[in-house]
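Topology and contacts: notes
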Amino acid sequence: TPLPSSVMAEVARKVLSPAESGRLIVDTARDVAIIKKGVEDAAEHIYDSLQSGKLSLQNFKQAELHPKVADEKAIDWIFLVDTLNFSFWSGCSKSEGEETPKWQVKYNGNIYTGYFAFCAGVNRAITEEGLDITNPKVFGSLTVDDVSRIFRSETTTPIPLVQERVNSLKEVADVLLSKYSGSFVNCVKASKGSALELLKTVVEDFPCYRDQAPYVYDENTTVTFYKRAQILIADIWACFEGQGLGQFSDINSLTMFADYRYVNEALVVSQFLGQIHDLQKALEEDLELANGDRREIEIRAASIHAVELIKEKVQQRLRENGQKEDSINSIMIDHFLWDYRRENAEALEKHPYHKTRCIFY
């Protein structure tokens, strides 16, 4: 029996990896360019940080809200967090008036914003409210009201995309309970130590992780970013420091995690990336770009490719000095740039960044 035309079309479609996608899109980009000198300067800075020990696998556990013990509970915590690791920005376009207050979560006497506000909400639910929130039988049954309460804000601004978060939780819970005995740990074990195999499983089995788009210049090619799917694997690797369940023989095949703010800001402000006038003007006007907009795709792709180029330069320096080049990868560079943005938050706070409301980042 002949396959349906829709299936045949999908079979014929070429799906590029995030690294391949970044390279292709940058080669044809209209609004974003990579600055060669910026790449070289960044590589030297990162190489020095690697030598000094400032950049290491310890960075993940040093974050106060991340799991400190590498065990199966940590994997289920990471899976829950990365399933909902998207769209934490608050505000409105400048043309619409004053920017709204940031979504903030209070936990252990501290106020958190952004990604760490989400982590705080999860930890607060576990430690203060006794909610078994990493259990798919629990999180798969949460309602809009439940999620709104769990991630309640100290301001009038609620966590964005509540319904979409509820939908994602139900989707992944159903898959975990039907295929993986209720734990993402079993999905990790099935990958047999391959990051790429685990990535393939995640994007195939959990549609909410399927972060991809048609290539604007070729309808038969799909470009991929897989931000949350890759960071999920990278977080497990970093939590376990590359050992045990976090040991992946091909971990260096993953790219950075292309999102909307922290790494992009570090790249642009540090002049690793350049943006031509029209796009820069749009960002300064605080315009929201749709997911799949050519400009949004170019920004994300350029971030990926810039980090790949930086990685190659750092690896070259390591080889020249008789050191192992696999002591650096794109994950570690992403962590470095993310920390760099947070450490220089005051100086970079006013720099415009692209805003896109979606479940992928």
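Heads up: these notes are all about the structure in this document. (Residues numbered from 1 in each chain as written. Predicted model: local features only at pLDDT ≥ 70, side-chain atom pairs only at ≥ 80, totals over all residues. Heavy atoms only, no water.)

Details of the overall build of the protein chain
We count it as follows: Think of it this way: any DSSP run of H or I at least four residues long counts as a helix, any run of E at least two long counts as a strand, and we number them from the N terminus. Buried means the residue's accessible area, taken with a 1.4 Å probe over protein chains only, is under 20% of the maximum for its type, while exposed means over 50%, and partly exposed covers the values in between. When checking whether two residues touch, look at their non-hydrogen atoms; a contact exists if any pair is within 4.5 Å. Under the convention used here, a 1.4 Å probe and the Shrake-Rupley method define accessible areas, while residue burial counts only the protein chains that appear.
Helix and strand content of the protein chain: 17 helices and seven strands. In the protein chain, which comprises 361 residues, the share counted as buried stands at 54%. Put simply, 75% of the contacts in the protein chain that link residues at least 6 apart link residues at least 24 apart. Split by element, the accessible area of the protein chain, about 16,300 Å² in all, is 49% carbon and sulfur.

Digging into the layout of surface pockets
Which entries qualify depends on this criterion: Here a cavity denotes a set of grid points, spaced 1 Å apart and computed over the protein atoms alone, in which a 1.4 Å probe fits but from which it cannot get out, and a pocket denotes an open set meeting protein on both sides within 12 Å along at least five of seven lines; residues with an atom within 4 Å of a point are reported as lining. Grid points are joined across faces, edges and corners, and a volume is the space filled by probe spheres set on the points. Only Asp, Glu, Lys and Arg are considered charged, only Ala, Val, Leu, Ile, Met, Phe, Trp, Tyr, Cys and Pro nonpolar, and every remaining residue, Gly among them, polar.
A volume near 420 Å³ is recorded for the second largest pocket. As for the second largest pocket, its lining consists of 25 residues, and the residues nearest its centre are V15, L199, K200, V203 and Y226. Secondary-structure elements contributing two or more residues to the lining of the second largest pocket are α2 (18-28), α11 (195-205), β6 (218-224) and α15 (294-320). Of all the elements, α11 adds the most residues to the lining of the second largest pocket, at six residues. Taken together, the residues of the lining of the second largest pocket break down into nine nonpolar, eight polar and eight charged.

Let's talk about the pairing of strand β4 (residues 110-113)
Walk down a regular strand and you will see the side chains alternate between the two sheet faces. Under the convention used in this document: Here a strand pair is declared whenever DSSP counts at least two bridges between the two strands.
Bridge count between strand β3 (residues 104-107) and β4: four bridges; the pairing is antiparallel. Bridge pairing in β4 links K106 to I111.

Topic: the sheet that holds strand β5 (residues 212-215)
To keep things clear, this is the line we draw: Note on definitions: angles span 0 to 180 degrees between N-to-C directions of axes, and those axes are lines fitted to C-alpha atoms, for helices only across the stretch in contact.
An order of β1-β6-β5 is seen for the three strands of this open sheet, with the pairing classed as mixed. Two strands close off the open sheet at either side, each with one partner strand: β1 (14-15) and β5. Across four bridges, β5 lies against β6 in antiparallel orientation. In the strand pairing of β6, Q212 is matched with T224. Seen against the sheet, α2 touches β5 and β6 and runs at an angle of roughly 125° to β6.

Some points on the environment of Q51
For clarity, the threshold we go by: Polar contacts, as counted here, are pairs of nitrogen or oxygen atoms within 3.5 Å of one another; within protein the pair requires one atom able to donate a hydrogen and one able to accept it, and residues that are adjacent in sequence qualify only if both atoms are side-chain atoms.
Residue placement: Q51 occurs in helix α3 (residues 36-52). The sequence separation of Q51 and L318 amounts to 267 residues, and the corresponding C-alpha distance is 9.8 Å. In this structure, Q51 is in contact with L318 and Q323, ignoring residues within four places of it in sequence. A distance of 2.9 Å separates a polar atom in the side chain of Q51 from a polar atom in the side chain of Q323.

Here's the deal with the environment of A302
Its location among the elements puts A302 in helix α15. By relative accessible area, A302 is classed as buried at 1%. Note: C-alpha distance between A302 and A33 (269 residues apart in sequence) is 7.1 Å.

A word on the environment of G114
Position of G114 relative to the elements: it lies in helix α6 (residues 114-127). Through-space distance from the C-alpha of G114 to that of N85 is 9.7 Å; in sequence the pair is 29 residues apart. Beyond its immediate chain neighbours, meaning those up to four positions away, G114 contacts F88 and W103.

A few points about the pattern of salt bridges
Any two side chains of opposite charge can pair, on the condition that their charged atoms come close. Filter applied, for reference: Salt-bridge detection follows one rule: a side-chain nitrogen of Lys or Arg within 4 Å of a carboxyl oxygen of Asp or Glu.
Inspection of every chain in the model, using the stated rule, returns 14 salt bridges. Here K189 and E72 are joined by a salt bridge, their closest N and O atoms 3.4 Å apart. Taken together, the positions of K189 in helix α10 (residues 184-190) and E72 in helix α5 (residues 72-83) put the pair 117 residues apart, joining distant regions of the chain. Of the residues examined, K189 reaches a relative accessible area of 44% and is grouped as partly exposed.

Structural notes on the packing of aromatic side chains
Filter applied, for reference: Only Phe, Tyr and Trp rings take part, Trp by its six-membered ring, and two of them pair if their centres are within 6.5 Å. Stacked means planes under 30 degrees apart, edge-to-face means over 60, and tilted covers everything else. As a reminder, the over-ring test applies to NZ of lysine and CZ of arginine, requiring each to be within 6 Å of the ring centre and within 35 degrees of the ring normal.
Per the counting criterion, the structure on display carries 13 aromatic pairs. Between F79 and Y209, the aromatic rings sit 6.1 Å apart at their centres with planes inclined by 20°, giving stacked as the arrangement. You can see F79 sitting in helix α5 and its partner Y209 sitting in the loop between α11 and β5, a full 130 residues away along the chain. Both residues of the pair, F79 and Y209, belong to the buried class. Taking the centre distance of 5.8 Å and the plane angle of 20° together, the rings of F88 and W103 count as stacked. With a gap of 15 residues between them, F88 in the loop between α5 and β3 and W103 in the loop between α5 and β3 connect regions that are remote in the sequence. Residue F88 shares its accessibility class with W103, and that shared class is buried. One aromatic cluster in this structure is built from F79, Y180, F184, F206 and Y209. The cationic tip of R300 hangs over the ring face of F225; the distance from NZ or CZ to the ring centre is 4.4 Å.

Examining helix α12 (residues 227-239)
Which entries qualify depends on this criterion: In a helix, the anticipated span is given by 1.5 Å times the number of residues less one.
For α12, spanning 13 residues, the distance from its first C-alpha to its last is 18 Å, which sits close to the expected 18 Å at 1.5 Å a residue. The first or second residue beyond α12 is E241, which carries a positive phi of 50°.

A few points about the side chain of T157
Within the secondary structure layout, T157 lies in the loop between α8 (144-150) and α9 (162-179). T157 gets classed as buried once you look at its relative accessible area, which sits at 11%. Reaching out from T157, the side chain makes a polar contact with the backbone oxygen of P101 at a distance of 2.6 Å. For T157, the residues in contact, after removing those within four places along its chain, are S90, T100, P101, K102 and W103.

These figures come from the coordinates and say nothing about function on their own.
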